[in-house]
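# Structure assessment
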Amino acid sequence: MDHWHQSLSTGPLLGIAAGAIALLLILIIRFKVHAFLALTVVSLATGFATLIPPKQILPTMLNGFGDTLASVALLVGFGAMLGRLVEHSGGAKVLADRMVEVFGEKRAPFALGLASLFMGFPIFFDAGLVVMLPIIFAVARRLDGPLLLYGLPAAGAFSVMHVFVPPHPGPVTAIAAYGANPGLVLATGIVVAFPMWYVSGYLWGKIAGRRYPFAVAEHLFGTTDHDTIDNPPRVSTVIGLLLIPLVLIFANTGLHFAATLGWVDDQAEWFHVLRLIGQTPVALLISVLVASYVLGWRRGEHGSALEKILDSALPAICSVVLITGAGGMFGGVLQASGIGDALAGSLNNLGLPVIVATYVVAVMIRLAQGSATVALVTAAGLMAPAVAQGDYSAMQVVAIVFATAAGSVFASHVNDSGFWLVGRLMGMDVATTLKTWTVQQALESIVAFVIAYAIFAIF
């Protein structure tokens, strides 16, 4: 691919992208083609249509597929094992009962969302969602309510924290590109995260739950006959187990943030050891091992019995992992075709105010190729010279960071691996995921941009 240059202009490339997405939706929704097959076929066809050299099409597809699996497979696998242990031991039910007892049935979605905001500070979106899912499912079963009423507030909370609040990689990248003050971005992000989540996560979750009142499917963690459990774990034990990956990942992201500011020596051996332990897959692995002892061996689940419990978590996630990887493959083909770069280049000279231009560029790149990270990095790189030339206050630069991040999260759809992850984990088909999660991401983006624009205008 190093010696290949895209010869098609922006117009034809956008037409191909739109046609590929339409074909994918028709195959899956109208003709009921399995999503894994449809994504693979459309990715192959898109590679030919965008004139990627034939010998490079399959490697491009495999790179996109492999990169996505590298970031998702271990997280989902270990997260599902942890969730199965918590569910099988009765821990999820115990924690759900306590949450309902403390907050009440009506405030349970709000409580789940607040807990996810807290967990989402150090932990990445996909890992946080998988760890939180057994609790979400348990609360939904306990109250016999629609899954989306409890699931969307939590998923929306993880998304808000991941996209807008350092030390997550997206905002950190934008901070570096624009020369923003990290402390101001962090402090402001923590403050504005709540209204973003309240509108796009909590309120929309209540609406979506009424419109699509499906219950929890027994597809991921399964169900356990809790009447046969004589010694369920204490609430404090369950919370402690769920805090293990949170603490380890927080240490990792905190160390990375401190290193970028020059507070610690990033060449020291202890630094790399602690960061390794705090890497999300390793943190989740440690959590599963500890949970296996606390919820397994100490409660009489030994040898093959414990192995069967852990193994029972894996069959249901195979489809989730493969389809999510295929979604990354489709996005990778679109990215390699140059659609995002061509679109960004054509939008860069529109003459819009900087705060608007950063948002529009990020939105269009996000819609064209799917990856929020690529959209944010590309938009920030393109708009950084314009921001550097302007006479903006420190808070206005913070607002530009938020505007770019807001654009990068807009309307997740079929070319985004996160779309498939959320939809499959919550048991939704493609049409329902478009009507719920895609709308949630659009709302999150719009609310965030309104807040960013207000900050820019006031300060």
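Criteria and cut-off values
- Residues numbered from 1 in each chain as written.
- Predicted model: local features only at pLDDT ≥ 70, side-chain atom pairs only at ≥ 80, totals over all residues.
- Heavy atoms only, no water.
- Helix = DSSP H or I, 4+ residues; strand = E, 2+ residues; numbered from the N terminus.
- Buried < 20%, exposed > 50% of the residue type's maximum accessible area, 1.4 Å probe, protein only.
- Polar contact = N/O pair within 3.5 Å; in protein donor to acceptor, adjacent residues only side chain to side chain.
- Contact = heavy atoms within 4.5 Å.
- Axes fitted to C-alpha atoms, helices over the stretch in contact; angles between N-to-C directions.
- Parallel < 35°, antiparallel > 145°, perpendicular 65-115°, else oblique.
- Left-handed = near helix turned anticlockwise from the far one by under 90°.
- Nonpolar A, V, L, I, M, F, W, Y, C, P; charged D, E, K, R; others polar.

Take unusual backbone geometry next. Positive phi values are uncommon outside glycine, yet Lys32 reaches one of about 60 degrees. Positionally, Lys32 belongs in the loop between α1 (10-30) and α2 (35-49). Although it is not a glycine, Ala411 sits at a positive phi angle of roughly 50 degrees. With respect to the secondary-structure elements, Ala411 resides in the loop between α18 (394-408) and α19 (417-425). Looking at Ala411, the relative accessible area reads 10%, which means it is buried.

Position of His168 among the secondary structure elements: in the loop between α7 (147-164) and α8 (169-178). With a relative accessible area of 1%, His168 lands in the buried category. There is a polar contact of 3.0 Å between the side chain of His168 and the backbone oxygen of Phe121. His168 has contacts with Gly120, Phe121, Pro122, Ile123, Phe124, Met161 and His162, leaving out every residue within four places of it along the chain.

Contact geometry of helix α6 (residues 125-143) with α7 gives a least axis separation of 9 Å together with a crossing angle of 160 degrees. Overall, the two elements α6 and α7 adopt an arrangement that is roughly antiparallel. You can see that α6 and α7 cross each other, and the crossing is right-handed. Note on element contacts: α7 touches α6 through Leu147, Tyr150, Gly151, Ala154, Ala155, Phe158, Ser159 and His162, opposite Phe125, Gly128, Leu129, Met132, Ile136, Phe137, Val139, Ala140 and Leu143. Broken down by class, the residue content of the contact of α6 with α7 amounts to 13 nonpolar, four polar and no charged.

Put simply, helix α14 (residues 315-336) and α19 touch, their axes get as near as 7 Å, and they point 160 degrees apart. Of the possible angle classes, the one that applies to α14 and α19 is roughly antiparallel. Between α14 and α19 lies a crossing of right-handed hand. Only Ser417, Trp420, Leu421, Arg424 and Leu425 of α19 make contact with α14, whose side of the interface consists of Val320, Ile323, Thr324, Gly327 and Gly328.

Interpretation in functional terms is not warranted from these geometric data alone.
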